[in-house]
Amino acid sequence: MRAVAQRVTEASVTVDAEVVGSILGPGLCVLVGVTHEDTPEQAALMARKLWSLRILEGEKSCSDLNAPLLVISQFTLYGDARKGRRPTWNAAAPGPVAEPLVDEVVAQLRSLGATVATGRFGADMKVSLTNDGPFTVLLDF
């Protein structure tokens, strides 16, 4: 499982001109990618890491500030562009495998007390955010 966590002052996801998820920061906008071998246990570990990651201002975490998170599925995090000019997506898990695991990250965050907004799995999403810093961290489990 892979995530790109961005410290934001605001973020939103729009699908077909409708805002389906948004947060006002400080908070995190998190892109989550799933590969074939990922498990619900890794999803729980990812959620705990995101909730406690001390990357907000003053080295605070979302749990310290009760800061919101916007979690968006992103299969392209497992794109491989090392050969040729067109990436392959072989390492990305298919929707029936990935969607429940992204949902598990969200569920685990909420069980920890987080306020979580989401995108819409598999949709053509438009993501808008104001990256604070900018500050972006890659997490791999």
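Definitions and cut-offs
Residue positions are given per chain, counted from 1 along the sequence in the order it is written. Two thresholds apply to this predicted model, a pLDDT of at least 70 for residue-level local features and 80 or more for giving and counting side-chain atom pairs, whereas whole-chain, interface and lining totals are computed over all residues. Each side-chain value is derived from all of the structure's non-hydrogen atoms; neither hydrogens nor water enter the calculation. The salt bridge criterion pairs a side-chain nitrogen of Lys or Arg with a carboxyl oxygen of Asp or Glu, the two atoms within 4 Å. What counts as a helix is a DSSP run of H or I of at least four residues, what counts as a strand is a run of E of at least two, and both are numbered from the N terminus. Under the scheme applied here, a residue whose accessible area is under 20% of the maximum for its type counts as buried, over 50% as exposed, and between as partly exposed, the area being computed with a 1.4 Å probe on protein chains only. Cavities and pockets are found on a 1 Å grid laid over the protein atoms alone: a cavity is a set of points where a 1.4 Å probe fits but cannot escape, a pocket is an open set with protein on both sides within 12 Å along at least five of seven lines, and a lining residue has an atom within 4 Å of such a point. Grid points are joined across faces, edges and corners, and a volume is the space filled by probe spheres set on the points. Two strands pair if DSSP finds at least two bridges between them. Orientation is described by lines fitted to C-alpha atoms, with helices fitted over the stretch in contact, and by angles between N-to-C directions that extend from 0 to 180 degrees. Any two residues having at least one pair of non-hydrogen atoms within 4.5 Å are treated as being in contact. Every angle not falling under 35 degrees, over 145, or within 65 to 115 is termed oblique; those three ranges are roughly parallel, roughly antiparallel and roughly perpendicular. For any helix crossing, the convention is left-handed if the near helix is rotated counterclockwise from the far helix by under a right angle, and right-handed if that rotation is clockwise.

Focus on the pattern of salt bridges
Evaluation of the coordinates by the stated rule reveals five salt bridges. Among the ionic pairs, Asp140 bridges to Arg2, the shortest N-O distance being 2.8 Å. Taken together, the positions of Asp140 in strand E5 (residues 125–140) and Arg2 in strand E1 (residues 2–15) put the pair 138 residues apart, joining distant regions of the chain. Assessed through its relative accessible area of 45%, Asp140 is described here as partly exposed. What makes Arg2 partly exposed here is its relative accessible area of 22%. Between Arg82 and Asp80 there is a salt bridge; the shortest N-O distance is 2.7 Å. With relative accessibility at 72%, the residue Arg82 sits in the exposed group.

What to know about the layout of surface pockets
Volume-wise, the largest pocket comes out at about 280 Å³. As for the largest pocket, its lining consists of 19 residues, of which Ser73, Gln74, Phe75, Gly122 and Met125 are closest to the centre. At the level of elements, strand E2 (18–33), strand E3 (69–73), helix H3 (95–111) and E5 are the ones that each hand at least two residues to the lining of the largest pocket. Counting residues per element, the lining of the largest pocket draws most heavily on H3, at three residues.

A look at unusual backbone geometry
Cis rather than trans, the peptide bond between Gly25 and Pro26 has omega equal to 10 degrees. Here the bond from Gly133 into Pro134 is cis, since omega is -5 degrees, no more than 30 degrees from zero. Positionally, Pro134 belongs in strand E5. A positive phi angle, near 55 degrees, is found at Glu59, a position not held by glycine. Secondary-structure assignment places Glu59 in the loop between helix H1 (40–52) and helix H2 (62–65). On the basis of relative accessibility, which here comes to 55%, the residue Glu59 falls in the exposed class.

Overview of the sheet that holds E1
Within the open sheet, the five strands sit side by side as E4-E3-E2-E1-E5. Their pairing is mixed. Only two strands of the sheet have a single neighbouring strand rather than two, namely strand E4 (116–118) and E5. Recorded for the sheet is a direction-independent mean angle of 30 degrees between the axes of neighbouring strands. Pairing geometry for E1 and E5, over 12 bridges, is antiparallel. Directly across from Val13, in E5, lies its bridge partner Val127.

Notes on the side chain of Ser12
In this structure, Ser12 sits in strand E1. Discounting chain neighbours no more than four positions away, the residues touching Ser12 are Val19, Gly21, Ser22, Leu70, Lys126, Val127 and Ser128.

Focus: the packing of H1 against H3
Interaxial distance between H1 and H3 falls to 8 Å at its minimum, and their mutual angle equals 45 degrees. The angle between the axes of H1 and H3 places the two elements in the oblique class. As H1 packs across H3, the resulting crossing turns out to be right-handed. Side by side, H1 and H3 meet where Pro40, Ala43, Ala44, Met46, Ala47, Leu50 and Trp51 of the first sit next to Leu101, Glu104, Val105, Gln108 and Leu109 of the second.

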